[in-house]
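Reading the structure
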Amino acid sequence: MRVVPEAMTTAWKSPLKTGATRPVVRATVQKLNLQKFDYDTALAAGGDFETDRHRRGVFTSAVFGDPSPVKELRNIKHYTWTRSVDQDVATCTLTLFNSEITPIGNQEETEHASDFDMPGYYTYNRGEQTKSQNRWGYTTDTGWQGMLVPDRVVKTYEGYGSDPSVVPALDGNLLQSGVWLIDTVTYTHDGEIVLEMRDLGRLLLDQICFPPVIPYEEYPLAWSKIRSQFVPGRDATGGSFERPSGSDTSSSNDFYIGMGLQDPPYGNYVGPRGGVNGHHSDHALVNREGEYWWSTGQTTAMSKVWWQVDLNSPVPLAALHIHPYGGPYRIYISLKNGNGWIGKKKIPYEVTTEGVDVRAGIPFVETRRIDKKNAFDVILNRKYANIEAIRITFTRLQDTQVGNYPFRAGLRDIMLYTANDVNSLSITRGEVLKVVGNYRDYTDIVKWCCAWAGFFWPPHGTDQDYVQLSHDSDQSPGGRRTIQYSSADTQVLPKGRVWGDFMRSGTAGEAPLSADLFDKKPLMDVVNYARDMLGFVFFIDETGGVVWRMPNIWKKGNYLSPGQLGQRTRARTTDYVVIDENQTLLSYSTTLSSHNIRERIFVANITGKIGTVIKGFIPYRSGMRRMAGWTDQHFETKQETRVMADMIAARQMFDYRRGKVQIPGYPAIQIDDQIRIFERVTNETYYHYVLGVSSNLDMESGEWTYDLDTHWLGEQPSDAWVVRVDELDQATQNYLNLMEE
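Residues numbered from 1 in each chain as written. Predicted model: local features only at pLDDT ≥ 70, side-chain atom pairs only at ≥ 80, totals over all residues. Heavy atoms only, no water.

**Some words on the pairing of strand β25 (residues 410-418)**
In summary, the side chains of a regular strand alternate between the two faces of the sheet. Counted only if it meets this: Categorising residues by exposure relies on relative accessible area from a 1.4 Å probe, with only protein chains included: less than 20% of the type maximum marks a residue as buried, more than 50% marks it as exposed, and the intermediate range marks it as partly exposed. Numbering of helices and strands runs from the N terminus; a helix is a DSSP stretch of H or I covering at least four residues, while a strand is a stretch of E covering at least two. Pairing between two strands is assigned when DSSP locates at least 2 bridges connecting them.
Most of β25 sits inside the fold, with eight of its nine residues counted as buried. Pairing between strand β13 (residues 240-242) and β25: three bridges, direction antiparallel. The partner of E242 across the bridge, within β25, is L416. Where strand β15 (residues 293-294) and β25 come together, two bridges link them in antiparallel fashion. Residue pairing for β25: W294 is matched across the bridge by G410.

Following this line, the structure appears as structure tokens:
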């Protein structure tokens, strides 16, 4: 749901659609220049990756950084578009008049001085021919040569009324209704141009899982869940991993004690013992859930923070077991013996946050790139005797996007590979714990594919996080508007974000997704694989951003979409649009169908030993014995099968009653929205879910309608919602609550 100007709502409800309340569509066109952004996982500021697999590649953006001049399309005759949660991409048709009015005294050619207009003014090849080749003397480029051709970017804006003194993107009467790529252009002899277009989802359909779309170092495209796993490698033997006990710990936090720094919304910047929000340095030695060391916030990702343990007695050392909190990071490992810190190289360090010197510039013996969350082993280059202290220094810190000092690091657990004496230790081949895999959540897969295809959202500071609106103007110097990300979207790319709103699924496949599933297939097939697995919705919104989330059917209200160029957000509102027969309802029909009705639903694993059977949704029982079933090898618990059964039952409930609604055009309504309808003859008072929207705006007649396809949700969310979430199995409630986090 989008927040619209009050004047737009007033015009929508008004029976008069003229003058200031006349339906209007404006549009712009520019060349598509996919901007390229190199990435290198070794320089990652964030993201998930195999730490031992150094990858380079290119992300692309069709939205940001395109400097191509923007031209407004005039003489629009007719504009239609269709969006649906069931289709991969939205479609659009824009019809223009192919002529320009001739200003008095400025006829194009003297031999056509009697013409009132200039026919063919917008034709793509006008002006390419000489006088000897062109019988009409059209040898001058009107400024539209090569513009209205396939693969150009068209942005549309619609609403009631218009302000022609500003460019379309800044017209306060209008809201952006789409970012489209031209598929085909038809020029007719009777003076029309018809643009048939699809939204930016087309980038995922037209580009396939093959280089150069998939970077060479990522090809062939396969996915495996990130996890800690023992793999063959260089290992330490002759000892065992032991957790330091009875040892003193300290950290760079200690240097901020008493400095009086504040970092809202954190309760304190650092406590009297160097703790941050109750997380102290000695928590990295206890290995208990929820206890870990957490650093003070820093002003830059390249700042240094460290954690240190001073041992009660010297020990020999061949390896470390490290379990980070947050991340990813780069770490430096420093070891100290009786002669001081070991090593010829020093950690590069400059004082950063508030001028406090944390004395991080000490010698180090090893440096590593580490992934977040998963434990791993560091096998040292050689074994060391008589180690008295160990320090882990963190840099390329995690951007928490919270507080004045957002960059932090954390450590959950650390163990030492030691023995009674150094001669017992050796470095050899064996099995070592490493982080393997390249995704944690199905949502990560979708983000990577979108970033390769053209939805990359570059970081601020690259000077490419802008959208070109027009030529230079007072409202937008340079014709650009910079759009920085501010939402706490989980970062999975080595740098930057993906333009859109993404919900975490909280799950990933246990079995790897092999290359043969996706190789040389459209990137949309990868997205659809994840969508079908999760039951999520995927579509491109009006600003060209990806929407990826659970369908909005479990809780009253709507997700708030950003303004036409606002920040991305997953904020919700309890508001919904009411369609009242006395104000805005033009036509309505409802259909009841038993096509998807089943009396019983069973879900089980392939062995049949784990499963659930539940009753289906039957409003009017007939005694029939229809069954629906689903088996899957990945079900491991009865709770998992119950969640799936409840999801299937809910779907059949919703499909039982469908609606078709026609109303005046109203950009507040989007697909995946909830609305409420009041209509007397059909006794319609229910909440409905918007499956699809088709808009039809005729600039000649001044008519603008929305046709909505809906399915019902229920009557009152508090007591008669079709799906009573509070009455579902607890496992299903837990799953739905997870989706809201």
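**Points about a nonpolar patch on the surface**
Basically, it comes down to this: Patch definition: residues above 30% relative accessible area lacking any salt bridge, with like charges linked at up to 9 Å and the nonpolar side chains Val, Leu, Ile, Met, Phe, Trp and Tyr linked at up to 5 Å. Here the open area of atoms and residues is found with the Shrake-Rupley method and a 1.4 Å probe, where only the protein chains shown may cover a residue. A pair is scored as a salt bridge if a Lys or Arg side-chain nitrogen falls within 4 Å of a carboxyl oxygen belonging to Asp or Glu.
On the surface, a cluster of nonpolar side chains totalling about 280 Å² of accessible area is made up of F602, V613 and M627. Relative to the assigned elements, V613 resides in strand β39 (residues 611-615). On the basis of relative accessibility, which here comes to 57%, the residue V613 falls in the exposed class.

**Some remarks on the side chain of D541**
As a reminder, the rule being used: What qualifies as a polar contact is a pair of N or O atoms within 3.5 Å, subject to a donor-acceptor requirement within protein and to the restriction that residues adjacent in sequence count only when both atoms come from side chains.
Among the structural elements, D541 can be located in the loop between β32 (537-540) and β33 (546-549). Overall, D541 belongs to the buried group, its relative accessible area being 3%. Separated by 2.9 Å, the side chains of D541 and T543 make a polar contact.

**Structural notes on the nonpolar core**
The condition is simple: Definition of nonpolar core: a set of buried residues of the types Ala, Val, Leu, Ile, Met, Phe, Trp, Tyr and Cys, connected through side-chain atoms within 4.5 Å. The contact rule is simple, with two residues in contact once any of their heavy atoms fall within 4.5 Å.
The biggest cluster of nonpolar side chains holds 126 residues, and the ones touching the most others in it are L73, L94, W223, F538 and W548. For this core, the element with the most residues is helix α3 (residues 442-453), which contributes nine residues. Excluding residues that lie within four positions of it along the chain, W223 makes contacts with N438, Y439, I445, W448, C449, W452, P512, L513, F518 and V526. Core analysis: the second largest hydrophobic core is formed by 39 residues, A284, V305, L335 and I414 among them.

**Focus: the pattern of salt bridges**
Going through the model one piece at a time under the given rule, you end up with 27 salt bridges. Across the pair R368 and E366 runs a salt bridge, and its minimum N-O distance is 2.8 Å. Classification of R368 as partly exposed rests on a relative accessible area of 26%. Judged by its relative accessible area of 3%, E366 is buried. Two residues, R440 and D371, come together in a salt bridge whose shortest N-O distance is 2.7 Å. Here the residue R440 occupies a position in the loop between β26 (426-436) and α3, and D371 occupies one in the loop between β21 (366-370) and β22 (376-395), the gap between them amounting to 69 residues.

**Description of the state of the cysteines**
The condition is simple: Two cysteine sulfurs form what is called a disulfide whenever their separation falls within 2.5 Å.
Per the counting criterion, the structure on display carries zero disulfides. C449 supplies the cysteine sulfur nearest to C209, a cysteine that is in no disulfide, at a spacing of 5.9 Å.

**Notes on the side chain of Q207**
With respect to the secondary-structure elements, Q207 resides in the loop between α2 (202-206) and β12 (227-237). The exposure class assigned to Q207 is buried, which follows from its relative accessible area of 18%. Polar contacts involving the side chain of Q207 include one to the main-chain carbonyl oxygen of L203, which spans 3.1 Å. The residues touching Q207, leaving out its near neighbours within four places in the chain, are L34, V213, A453, P522 and L523.

**Concerning unusual backbone geometry**
Each neighbour pair has its own omega, and for P211 with P212 the value is 5°, a cis peptide bond. Backbone geometry at N287 places phi at a positive 55°, although glycine is not the residue there. Of note, N287 is situated in the loop between β14 (248-251) and β15. The class of N287 is partly exposed, set by a relative accessible area of 45%. With phi around 55°, E354 is a residue other than glycine that occupies positive phi space. Mapping E354 onto the fold places it in the loop between β19 (345-346) and β20 (363-364).

**A word on the sheet that holds β39**
Condition: What counts as an axis is a line fitted to C-alpha atoms, over the stretch in contact for a helix, and the angles between N-to-C directions run from 0 to 180 degrees.
Strand order in the open sheet formed by three strands is β39-β38-β40, and the pairing between neighbours is mixed. Each edge of the open sheet carries a strand with a single partner, namely β39 and β40 (627-631). Strand-to-strand twist in this sheet, taken as the mean axis angle between neighbours without regard to direction, amounts to 10°. Here strand β38 (residues 600-604) pairs with β39 via five bridges, running antiparallel. Among the inter-strand pairings, A604 is bridged to a residue of β39, identified as G611.

**Topic: α3**
Which entries qualify depends on this criterion: Here the expected span of a helix is defined as 1.5 Å times the quantity of residues minus one.
For α3, spanning twelve residues, the distance from its first C-alpha to its last is 17 Å, which sits close to the expected 16 Å at 1.5 Å a residue. Counting buried positions along α3 yields twelve of twelve residues, so the element is predominantly enclosed. In this structure D441 caps α3, since a side-chain oxygen of it lies 2.8 Å from the backbone nitrogen of T443. Positive phi shows up at G454, right after α3, with a value of about 150°.

The analysis is restricted to geometry; functional conclusions fall outside its scope.
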